[in-house]
Amino acid sequence: MSLKQNVDFIKEEMSNDEKMLESLIRFEGWFKRYKIPLIALLIGIVVLAFGYMGNNYYQENQQQKLSNLYEEALKGDENAIISLKNSQSRLYDLYLFQKALESNDKETLKKLESCKDPIIAQFSKSQNASLNQDLNTLDSKESGDFGYLQAAFLEIQASKSKEAKVILSKIQNDSPIRDFANALEHLSIQGNNDVKK
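Residues numbered from 1 in each chain as written. Predicted model: local features only at pLDDT ≥ 70, side-chain atom pairs only at ≥ 80, totals over all residues. Heavy atoms only, no water.

1. Let's talk about the side chain of Asp93
Within the secondary structure, Asp93 sits in helix 3 (residues 90-103). We note that Asp93 is buried and unpaired, the nearest opposite charge coming from Lys116 at a distance of 5.4 Å. Other than its neighbours up to four places away in sequence, Asp93 contacts Leu112, Cys115, Lys116 and Ile120. (Helix = DSSP H or I, 4+ residues; strand = E, 2+ residues; numbered from the N terminus. Buried < 20%, exposed > 50% of the residue type's maximum accessible area, 1.4 Å probe, protein only. Lys, Arg positive; Asp, Glu negative; His and termini not counted. Salt bridge = Lys/Arg side-chain N within 4 Å of Asp/Glu carboxyl O. Contact = heavy atoms within 4.5 Å.)

Encoded structure:
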């Protein structure tokens, strides 16, 4: 390298160093001006992160505790049943629904028709209508596909396979219980053939 090139190189390096030093001084001034809000923001983010993780941990523990209470309640533990009831959890409604199904308890099913869980409420209404053989309630859009299935089953039990087929045709093809409906329809046709023989 020639002397001129060396001098130009040194000038360029000094110019770059000056620019970097100038940027550093600007950043230092900016940082001094906004130091407290930046530190507060950083602390806030850390506190929120720990709060979020703590809340998730607490929620998981609560769910696990309720799940354990539900299992113990199903085994007949009276303390677990009381604790589950006091928790006002939907698992208590599920516990009542399961016990009502086991004993065909129409009164409990009637109460559960107005519970806060819409699925339990709908199944309770359908099950109660099935126990009371209330075809009008079961064969309605309000009872849904499960109600249609139960209504068709009641019709088959009463040897009314044509009525059962009409009810089963109301269940959509994309319904999760369509396979059950097809099996029930097949059962009703087979039952008719047995009667004709």
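2. Quick look at a negative patch on the surface
A cluster of like negative charges, contributed by Asp8, Glu12, Glu13, Asp17 and Glu18, occupies part of the molecular surface. Looking at the secondary structure, you find Asp8 in helix 1 (residues 3-74). (Patch = residues over 30% accessible without salt bridge, like charges linked within 9 Å, V, L, I, M, F, W, Y side chains within 5 Å. Areas by Shrake-Rupley, 256 points an atom, 1.4 Å probe, with all protein chains shown as cover. Charge placed at Lys NZ, Arg CZ, Asp CG, Glu CD.)

3. Quick word on the nonpolar core
Within the largest apolar cluster, 15 residues are counted, with the highest numbers of intra-cluster contacts made by Leu149, Ala152, Leu168, Ile171 and Leu184. For this core, the secondary-structure elements that each account for two or more residues are helix 7 (144-157), helix 8 (161-168) and helix 9 (178-196). Ranked by the residues each element gives to this core, the list is headed by helix 7, at 6 residues. Beyond its immediate stretch of four places on either side in the chain, Ile171 contacts Asp145, Tyr148, Leu149, Ile177, Arg178 and Ala181. Formed by 9 residues, the second largest nonpolar core is a distinct cluster that contains Leu66, Tyr70, Ala73 and Ile81. (Core = buried A, V, L, I, M, F, W, Y, C linked by side-chain atoms within 4.5 Å.)

4. What to know about the environment of Tyr92
Tracing the backbone shows Tyr92 in helix 3. The buried category is assigned to Tyr92, whose relative accessible area is 16%. Those residues in contact with Tyr92 that lie beyond four places of it in its chain are Ile81, Leu84 and Lys85.

5. Some details on the pattern of salt bridges
Within the structure shown, the criterion is met by 7 salt bridges. Residues Lys32 and Glu28 are paired through a salt bridge, measuring 3.7 Å at the closest nitrogen-oxygen approach. One end of the pair, Lys32, and the other, Glu28, are both in helix 1, 4 residues apart, so they sit about a helical turn from each other. Classification of Lys32 as exposed rests on a relative accessible area of 62%.

6. Points about the packing of aromatic side chains
Across all of its chains, the model carries 2 aromatic pairs by this definition. A centroid spacing of 4.6 Å and a plane angle of 85° characterise the contact between Phe123 and Phe146, whose relative ring orientation is edge-to-face. With Phe123 in helix 5 (residues 118-131) and Phe146 in helix 7, the pair connects residues that are 23 residues apart, well separated along the chain. A relative accessible area of 31% places Phe123 in the partly exposed class. (Phe/Tyr/Trp six-rings, centres within 6.5 Å; stacked < 30°, edge-to-face > 60°.)

7. A closer look at unusual backbone geometry
The phi torsion at Gln88 lies on the positive side, around 55°, for a residue other than glycine. Its location among the elements puts Gln88 in the loop between helix 2 (78-86) and helix 3. Residue classification places Gln88 among the exposed positions, given a relative accessible area of 61%. Positioned with a positive phi, Ser159 is a non-glycine residue whose angle comes to about 60°. Secondary-structure assignment places Ser159 in the loop between helix 7 and helix 8. Classification of Ser159 as exposed rests on a relative accessible area of 61%.

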